[in-house]
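Notes for the structure review
One letter stands for each residue in the lines below.
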Amino acid sequence: MDLSLFACHDDYRWEIAPRGKMRVPAVIFANEQLIRDMDSKVYDQVTNVAMLPGIVQASYAMPDAHWGYGFPIGGVAAFDPNMGGVVSAGGVGFDISCGVRTLHTGLDLTDIEGVKNDLANMLFFKIPAGLGSTGRMHLEHEDMDAMLAGGARWAVALGYGSWEDLMHTEEEGCMLGAVPENVSEHAKKRQRDQMGTLGSGNHYLEVQRVAEICDAEAGAAFGLHEDEIMVSIHCGSRGLGHQIGTEFLKKMVVSARGYGIELPDRELACAPISSPLGQDYLGAMRAGINCALANRQIITHLTREVFAAVLPRAGLRVLYDVSHNTCKEEEHSVDGVSRRLFVHRKGATRALGPGHPQLLEALRATGQPVLIGGSMGTASYIMAGTTQGMALSFGSACHGAGRAMSRHQASRQWRGRQVIDDLAQHGIIIRSPSTRGVAEEAPGAYKDVTAVVDAADAAGIARKVAKLVPVICIKG
Amino acid sequence: MAHGHAEPRWEHFSHGADIGVRGIGRSKAEAFEQTALAMTQVITDADRVEGRERVNIVCQAPDDEILLVDWLNALVYEMATRQMPFSRFEVHFDDHQLDGAAFGEHIDLQRHRPAVEVKGATYTSLSVEQNPDGLWKAQCVVDV
C-alpha cells in the first residue's frame, strides 16, 4: 500500500481523511512495514465501510487486515441505530462467531514428551475434522432450537463440560437475543450432523507450549507459566453460520435500494438496524453465535476425553473463549457521551479493557484475554484488552496472522507432505485429513504473526501477554 | 481465441484469503456449468467423482450475477447436506430462472481426498459477461 495515501499518522495509527462519500475517517493500526505489505484492497474496503449510514467515529482495520468481502478481514465498525445505523451480514462474515477457545491443561512439556504421538493420533481420531466429517450428535427440531437459544450453556446442561467453563466464555456461553425461528430450515439442515466438528480451511485444534511470558503480571493473572501445555480450538458456527450468512447477504443485496442505501460494493449489503430485515438478521446471527459457542464447548469435552485417556493427570480448564466474527450491541463512550452501538468485528477480536463490567471479577484488573491464532509452524499469542483500546478501536484487536498469500499460490508453492515433514523436523506434529489443505495453510502463506501482535501492542489496542508455540496441530 | 474453436473450460484465480472460480463457455449456460466445475475443483479433483446420482436445482434472481451466486450456493447447500461432491452439471435458462442439474456421488474420503470445504459463493469479483469474441465468462470468489 502506498504510504502517501494517508493524511496523517503516528508510528502505529494511519488515518485516511474523509473524502467523497466517506462519513468518517478510516484508520489502520499497523507499523510501516505491515502497511507497505498490505493489500491495496484493504484501503478500498476500509474507506468503503466509512461510507455506510450511521457509522460512528471511524472505520478501522487491524494490523492483520487483508482483502475480505465488503469489509476487510480485520475490519471494525460501529453503527448507531438512532442515526440510521446499519447491520451488515458481510460485516460479520460467513463463519459467524468463528473464534478461539484456549484451555489450560495443568501439564508441562515434559509431561507430554513421551506420549506426543499417541495424543496426536487420539485427538485426530476423536475430533471430527475436514470436509465430510460428522459429529456424534444428530440435532433436529426442538433440540436444534434449544441449541440455538442456549449456546454453550445448552451443551453444558447436556453434560458437555462444566458451569465453570461458561464463566470463562464470552457472553458466559449464551448470546442473548437469539431467535432460532429466524434461522432457515436450510441452515438447520446443514448443521444437523455438524455439532462438535472443526470444519476445514484455517480451523484447527492445537496443543501448544507457552514459550514466553511477555507480561509477568498479566501472565500470572491468566494463570500462565513458561513451558505449560495449552490447547487452543479455532472454529466457528459451521454450516449453519455459512447458510445464515449466504441467505441474509442476498436479502440485503436485493433490498438495499428499497432502504435508500447506496452501496459502494454489493458485498457491503446491509439493512438499517431498526428495519425488520436488520432485526431478523440480528436474531439469526445471534443464534449462529450460540451455535459456535456450543460447538467449541462440545469440542472441549471431546478434548478432555482424549486427555483423560492418554494423560489422566491433566485437568483442562478454560482460560477464555472469544469470537472474532460478530456484531454486538455494546455501550461505548464517544466524545464523552455513552452510546449504544452495534459493533461489527470481522476478523477482529473483542478486547475489553480492565474494569469493564462484562468481565469476570478475576479478569477485571487485567482486562479480557485476547486470543490470537497463528499458523501451524509459527506461534499464537495471548494478549489482554486495554483501557486505551476501548477508545481507540471500540475495544477490538487483531485476530491472527492474516494471509499473505492466496490458497492458489500456496498450493502451487508447497506440497502438503513436505510441509508436514518440515514441521516434524521442528518437533511439530501435524494431523490432517487433507495434504492439499495443509499445503494451502503452509506457515509461509501467512504474515508474521509476531509483527502483527507487536503492532497491536505498540498501537495500544491490546497488550502482549504470552507467546505460545505449536506442539501438535489437528488441521481441519 | 477464435470463436467456435474454444472448448468450454474453467479456471481458478487468486483472492487474498480465498479462491476465485471462473467458467468460460460458448453460452451463458456453459459458463455457469464450468463455474460449478471450477468450484468442485477447489474441493477435489472432479475426475475422481462419478456422476451416478442426479440432483435438480432451480434458482431465481433479479439478474445474471445474483443468479450465478444463487446457483453456486445451491450447490454448496446440496453438497453439504447430501455429503456429495459433483462432477458434471447441466444448466438451462428460462428468463431469470435457472433450471439446473448436478451429477455426483456420496463422498468417499479415501478416493476423493477433499482439500477444503466451500462455505459459500460471494459477490466479490462477481461478473457474468459475454466477451467481444462471443464467449461467455462467469466468475466470483468462493469463501473457504
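Notes on the structure follow.

1. Remarks on unusual backbone geometry
With a phi close to 45 degrees, His-141 of chain A is a non-glycine residue in the positive phi region. Under the relative-accessibility criterion, His-141 of chain A is labelled exposed at 58%. Even without being a glycine, Asp-95 of chain B presents a positive backbone phi close to 60 degrees. Within the secondary structure, Asp-95 of chain B is located in the loop between strand S4 (86-94) and strand S5 (97-104).

2. Quick look at the state of the cysteines
One pass over the full model with this rule turns up zero disulfides over all chains. For the unlinked cysteine Cys-98 of chain A, the closest cysteine sulfur is that of Cys-235 of chain A, found at 7.1 Å. We classify Cys-98 of chain A as buried; its relative accessible area is 5%. Just so you know, Cys-140 of chain B is unpaired, no disulfide at all, and the nearest cysteine sulfur is the one on Cys-59 of chain B, 13 Å from it.

3. Quick word on the pattern of salt bridges
Going through the model one piece at a time under the given rule, you end up with 45 salt bridges over all chains. When the shortest N-O distance is used, the salt bridge between Arg-417 of chain A and Asp-421 of chain A registers 3.2 Å. You can see Arg-417 of chain A and its partner Asp-421 of chain A sitting in helix H15 (residues 416-425), four residues apart, about one turn around the helix. According to the relative accessible area criterion, Asp-421 of chain A is partly exposed, its value standing at 34%. Measuring nitrogen to oxygen at the nearest pair gives 3.6 Å for the salt bridge that ties Glu-11 of chain B to Arg-9 of chain B. Residue Glu-11 of chain B is classed as partly exposed on the basis of its relative accessible area of 25%. Through salt bridges that share partners, Arg-403, Arg-407, Arg-436, Glu-440, Glu-441 and Lys-475 of chain A make up one connected network.

4. With respect to the interface of chain B and chain A
Across the contact, 45 residues belong to chain B and 40 residues belong to chain A. Note on chain B versus chain A: buried area summed over both sides is about 3400 Å², and carbon and sulfur give 54% of it. Sorting the residues of chain B by area buried against chain A places Tyr-77, Lys-119 and Tyr-123 of chain B first, and these three jointly supply 22% of that buried surface. There are five salt bridges connecting chain B and chain A. The salt bridge involving Arg-266 of chain A is made with Glu-65 of chain B; its shortest N-O contact spans 2.3 Å. Our count for the chain B to chain A interface comes out at 16 residue pairs in polar contact (both at pLDDT 80 or more). Breaking the side of chain B that touches chain A down by element, the ones donating at least two residues are strand S1 (9-14), helix H1 (28-43), helix H2 (64-82), strand S6 (120-121) and strand S8 (136-143) of chain B. Its residues placed into classes, the side of chain B that touches chain A shows 23 nonpolar, 14 polar and eight charged.

Reading the values: rules and limits
- Residues numbered from 1 in each chain as written.
- Chains lettered and ligands numbered in written order.
- Predicted model: local features only at pLDDT ≥ 70, side-chain atom pairs only at ≥ 80, totals over all residues.
- Heavy atoms only, no water.
- Buried < 20%, exposed > 50% of the residue type's maximum accessible area, 1.4 Å probe, protein only.
- Helix = DSSP H or I, 4+ residues; strand = E, 2+ residues; numbered from the N terminus.
- Disulfide = S-S within 2.5 Å.
- Salt bridge = Lys/Arg side-chain N within 4 Å of Asp/Glu carboxyl O.
- Contact = heavy atoms within 4.5 Å.
- Buried area = accessible area lost by both parts, 1.4 Å probe.
- Polar contact = N/O pair within 3.5 Å; in protein donor to acceptor, adjacent residues only side chain to side chain.
- Nonpolar A, V, L, I, M, F, W, Y, C, P; charged D, E, K, R; others polar.

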